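# Summary of structural features
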Amino acid sequence: MKLRNSQQLFQLFMAHLKEIIREPGVIFWGIVFPILMALGLGIAFTKKGEQIKTLVIIAPTGQVEQTLNEVDRLFQQRGRIEPASEKTPSLYTFTLINEKVGNVTYRLIPADWEQAIILLKRGNIDLILELKEGKVDYHFDPGKPEAELLYFQLSKLLNSGLGVTVNSSENIEPLTLTGTRYIDFLIPGLIAMGIMMSSLWGISYGIIEKRSKKLLRRMIATPMKRSLFLITLITVRTVMNFLEAALLFLFAWIFFHISIQGNILALLLMFVNGNIAFSGIAIFVCCRTANTEIGNGLINAVVLPLMVLSGIFFSYHNFPDWSIPFIQKLPLTMLADGIRSIFIEGAGLNETLLPSFILLLIGTVFFSAGLKIFKWY
Amino acid sequence: MPQAFAENQAAIIVKNVHKSFKIVQAVRGVSLTIPHGEFVGLLGPNGAGKTTLVEMIEGIQKPDSGEIIIDGKQWHGNREELHKIIGISLQETQFIDKLTVRETLTLFASFYELPSRRVNEILELTGLTEKSKSYVVNLSGGQRQRLALGLALLNEPRILLLDEPTTGLDPTARQAIWNILLTLREERKTSLILTTHYMEEAEFLCDYIILIDQGKILREGTLPQLLAGQQKAIEFTLENKLDDAMEFPAAQHLNIYWNPQQARGTLLIKDLDQELPLFFNYLKNHQLRLQNLECRQQTLNDLFISLTGRKIEDEIEK
């Protein structure tokens, strides 16, 4: 770069940077929010504490006490009848002690059919028990995994004499090894999503806003180099994304002891190319419109499907088989899978070079196409 | 402008330029020549085509037909060179909210490779030194316009194009902008095209005024040239309550313009002795009773009224 442009380059870089870091909202949404999300999801899905499972036991009106006594006999007096308080009606609780997978408390609420159905519809309960002449009837939706699981647990409990929960020939070994927990799956996904979100919202929305404010038009009415304007914008975003990802990783390392098992160089390459891919897409998305509401729609149209499909929060292998090859070619999937493979599978340059290169290509194609039809005014 | 004016001496030459947007013909065959160092006002109501014309001169819009030559060069192929000698201020530009005044000036100065000394000079010239550390978002309308003007002046432009630099400003803020421009005019190094719908702005600042309406030049010249032959204007109000829907009675041989919103009329007079008695007769014949009458010198607005039947600034209020 010629020296005469270096001042321009530096000033543009600083202007873009100051614009970001002087907005407190940017710091919150870019750095604090992903960390909170990781914390929330990480705790919810990783550390299983005591669980409470609520179900309804059908009790015809006026027969609550009698029903609870029957339930108590069913559970061989191991649980207890909680007397009605001001806030809650009387109900039956039974706690299954299990040191390895955590205690489970079953809470049986006596109710008539009408109330039971309402609770079921609201999603408060998954299963309804009914006692008929000494027999136990289970009512639940077999298509709902939680309901089915609850049925199996209760059925096993009531048929095994309540004492035996773990067969002597079985042994539960909870997986808490690094790399196999949900949080290990989640953090690389969050980093990939962070790159996408901040590129699209930061670059696209920023440009559309500057266009609608006529600032782009004003800037290019000077000898400013247009390419420098875009290059500095993308560079600043990449630097910010690096910072965000590093802080997220630092947090996950301290709280969840996450580690990077693969090649750091491969990770850096993946990261940079991921940024290039989404910066390119961002430039393409914002190349024409000057209307921030249309911009909003355009960005969401890109971001939302990718977020749902690309296996950020849960594996995309739950989608139908025919869609998997397609999903795997999406840029966010490639980035998330790439970062994940380096983080938890110990992948190196060999395994990630191809997806990394494809991301670079995607970025270049979208950037060039966007620039061709870019409207400065 | 004298036609004999040699083309190579002109700062800006516009030759028979047309520009249309979909169904609107914004500029319809405008030609003008602006010599170096001259301050020219493009005066007309909103939608007259001023901004489109200026944006074509700025190189932002391309004319459908016609030619624009700036300092002897066309935009095509000379973009970078021309940007260096032109300073512009667009209508209603906003800058980066969270940059300070000084940072904004420094950023733009870097595009022209100017030293920080120039930023200080501009801060002083525009009276923004005290505000140099304020974020742009916290500036008042007047301060923001002064910043926009300061940015336009950074590169000591030989040609300055200002699109409605004082629209929406209070009189004090407007005066501050005028003072900066007057300083510039004394130096005679800069040619200025200023669009405005404030006639007093054009009268006060400009050597040469071009009245423009519906994409065409209505009249042009210096202020005395434009107002020569126009003598007096009489403003009057009536005791009669005129129905909004009722047409003001037509008057033969008299230049009367009735403004129904303000319920006042203007009579443009060339010969007081002849036309005043006619006016009184006219009022009597239509049973109109005068409430108030004021006689004054004619202004550009009166000229615009006599040419179009509309006031320049009324258009804005609508």
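Not measured: the values here are computed from a predicted model.

## Some points on the confidence of the model for chain B
All names here are of chain B.
- Across chain B, the average pLDDT comes to 86, with 93% of residues at or above 70.
- Between the elements of chain B, mean pLDDT differs from a low of 54, seen in helix H11 (residues 312-317), to a high of 96, seen in helix H3 (residues 101-111).
- This stretch, residues 1-5, has a pLDDT under 50; its non-local contacts, to residues over four places away or in other chains, come to nine contacts.
- The ipTM assigned to the predicted complex is 0.80, against a pTM of 0.79.

## A short note on the pairing of strand E10 (residues 232-238) of chain B
Residues and elements named next belong to chain B.
- Among the seven residues that make up E10, six are buried, leaving the element largely enclosed by the rest of the structure.
- Pairing of E10 with strand E12 (residues 264-269), which is carried by five bridges, proceeds in the antiparallel orientation. Directly across from Ala233, in E12, lies its bridge partner Leu268.

## Digging into helix H4 (residues 116-125) of chain B
Residue and element names in this part refer to chain B.
- Turning to H4, its buried residues number three or more, namely Arg118, Val119, Ile122 and Leu123. In an axial view of H4, the angular spread of the buried residues amounts to 145°, which keeps them on one side of the axis. Turned more than 90 degrees away from the buried face of H4, the exposed residues are Arg117 and Glu124.
- Those residues of H4 that are buried lie in contact with H3 and helix H5 (141-153).
- Residue Gly127 follows H4 closely and has a positive phi angle near 65°.

## Considering the interface of chain A and chain B
- Chain A puts 26 residues into the contact, and the matching count from chain B is 31 residues.
- For the pair chain A and chain B, the two sides together bury roughly 2,800 Å², of which 57% comes from carbon and sulfur.
- Taken together, the connections running from chain A to chain B amount to six salt bridges.
- Between A:Lys213 and B:Asp97 there is a salt bridge whose closest N-O contact spans 3.5 Å.
- Applying the counting rule to chain A against chain B returns 13 residue pairs in polar contact (both at pLDDT 80 or more).
- Of all elements in the fold, only helix H1 (3-21) and helix H7 (215-220) of chain A reach the threshold of two or more residues within the side of chain A that touches chain B.

## Observations concerning the pattern of salt bridges
- One pass over the full model with this rule turns up 25 salt bridges over all chains.
- Linking A:Arg22 and B:Glu103 is a salt bridge whose minimum nitrogen-to-oxygen distance equals 2.7 Å. With A:Arg22 in the loop between H1 and helix H2 (24-46) and B:Glu103 in helix H3, this pair bridges two chains.
- A relative accessible area of 18% means that B:Glu103 is categorised as buried.
- Residues joined by salt bridges that share partners form a network here, namely B:Glu235, B:Arg264, B:Arg296 and B:Asp302.

## Notes on the packing of helix H9 (residues 264-285) of chain A against helix H13 (residues 349-372) of chain A
Residues and elements named next belong to chain A.
- Interaxial distance between H9 and H13 falls to 7 Å at its minimum, and their mutual angle equals 20°. In terms of orientation, H9 and H13 fall into the roughly parallel class. Crossing angle aside, the handedness with which H9 passes H13 is left-handed.
- In terms of residue class, the contact of H9 with H13 is built from 20 nonpolar, seven polar and no charged.

## Quick notes on the domain arrangement of chain B
- Assigned domains within chain B: domain 1 (7-227) and domain 2 (232-297).
- Here the C-alpha centroids of domain 1 of chain B and domain 2 of chain B sit 39 Å apart.

## A short note on the packing of aromatic side chains
- Evaluated as defined, the whole model comprises 22 aromatic pairs over all chains.
- Summarising the aromatic geometry, the rings of A:Phe75 and A:Tyr92 are spaced 5.6 Å apart at their centres and angled 35° between planes, so their arrangement reads as tilted. Here A:Phe75 is found in the loop between helix H3 (64-74) and strand E2 (80-82), whereas its partner A:Tyr92 is found in strand E3 (residues 91-96), with 17 residues between them in sequence.
- Seen in terms of ring centroids, A:Phe284 and A:Phe366 are 5.3 Å apart; in terms of plane orientation they differ by 70°. Their pairing is edge-to-face. Taken together, the positions of A:Phe284 in helix H9 and A:Phe366 in helix H13 put the pair 82 residues apart, joining distant regions of the chain.
- Among the aromatic residues, ring-to-ring pairing joins A:Tyr138, A:Phe140, A:Tyr151 and A:Phe152 into one connected group.
- Its end group placed over the ring of A:Phe374, A:Arg211 keeps NZ or CZ at 4.9 Å from the ring centre.
- Its guanidinium or amino end placed over the ring of B:Tyr198, B:Arg174 lies 3.8 Å from that ring's centre, counting from NZ or CZ.

## Some thoughts on unusual backbone geometry
Residue and element names in this part refer to chain A.
- Here Lys214, not a glycine, exhibits a phi torsion of approximately 65°, which is positive.
- On the secondary structure map, Lys214 appears in the loop between helix H6 (182-212) and H7.
- A positive phi is found at His257, a non-glycine position, where the angle reads about 55°.
- Within the element layout of this structure, His257 appears in the loop between helix H8 (226-256) and H9.
- Residue classification places His257 among the exposed residues on the basis of a relative accessible area of 56%.

## Some words on the side chain of A:Asp72
- One can find A:Asp72 in helix H3.
- The residues touching A:Asp72, leaving out its near neighbours within four places in the chain, are A:Gln77, A:Arg78, A:Gly79 and A:Tyr92.

## As for the environment of B:Asn240
Residue and element names in this part refer to chain B.
- Mapped onto the fold, Asn240 is located in the loop between E10 and strand E11 (255-259).
- C-alpha of Asn240 to C-alpha of Leu114: the two residues are 126 residues apart in sequence and 65 Å apart in space.
- Those residues in contact with Asn240 that lie beyond four places of it in its chain are Gln287, Leu288 and Arg289.

Conventions adopted
- Residues numbered from 1 in each chain as written.
- Chains lettered and ligands numbered in written order.
- Predicted model: local features only at pLDDT ≥ 70, side-chain atom pairs only at ≥ 80, totals over all residues.
- Heavy atoms only, no water.
- pLDDT = per-residue confidence, 0-100.
- Helix = DSSP H or I, 4+ residues; strand = E, 2+ residues; numbered from the N terminus.
- Contact = heavy atoms within 4.5 Å.
- Buried < 20%, exposed > 50% of the residue type's maximum accessible area, 1.4 Å probe, protein only.
- Pairing = 2+ DSSP bridges.
- Arc of directions from axis to C-beta.
- Buried area = accessible area lost by both parts, 1.4 Å probe.
- Salt bridge = Lys/Arg side-chain N within 4 Å of Asp/Glu carboxyl O.
- Polar contact = N/O pair within 3.5 Å; in protein donor to acceptor, adjacent residues only side chain to side chain.
- Axes fitted to C-alpha atoms, helices over the stretch in contact; angles between N-to-C directions.
- Parallel < 35°, antiparallel > 145°, perpendicular 65-115°, else oblique.
- Left-handed = near helix turned anticlockwise from the far one by under 90°.
- Nonpolar A, V, L, I, M, F, W, Y, C, P; charged D, E, K, R; others polar.
- Domains from an automatic or database assignment.
- Phe/Tyr/Trp six-rings, centres within 6.5 Å; stacked < 30°, edge-to-face > 60°.
- Lys NZ or Arg CZ within 6 Å of the ring centre and 35° of its normal.

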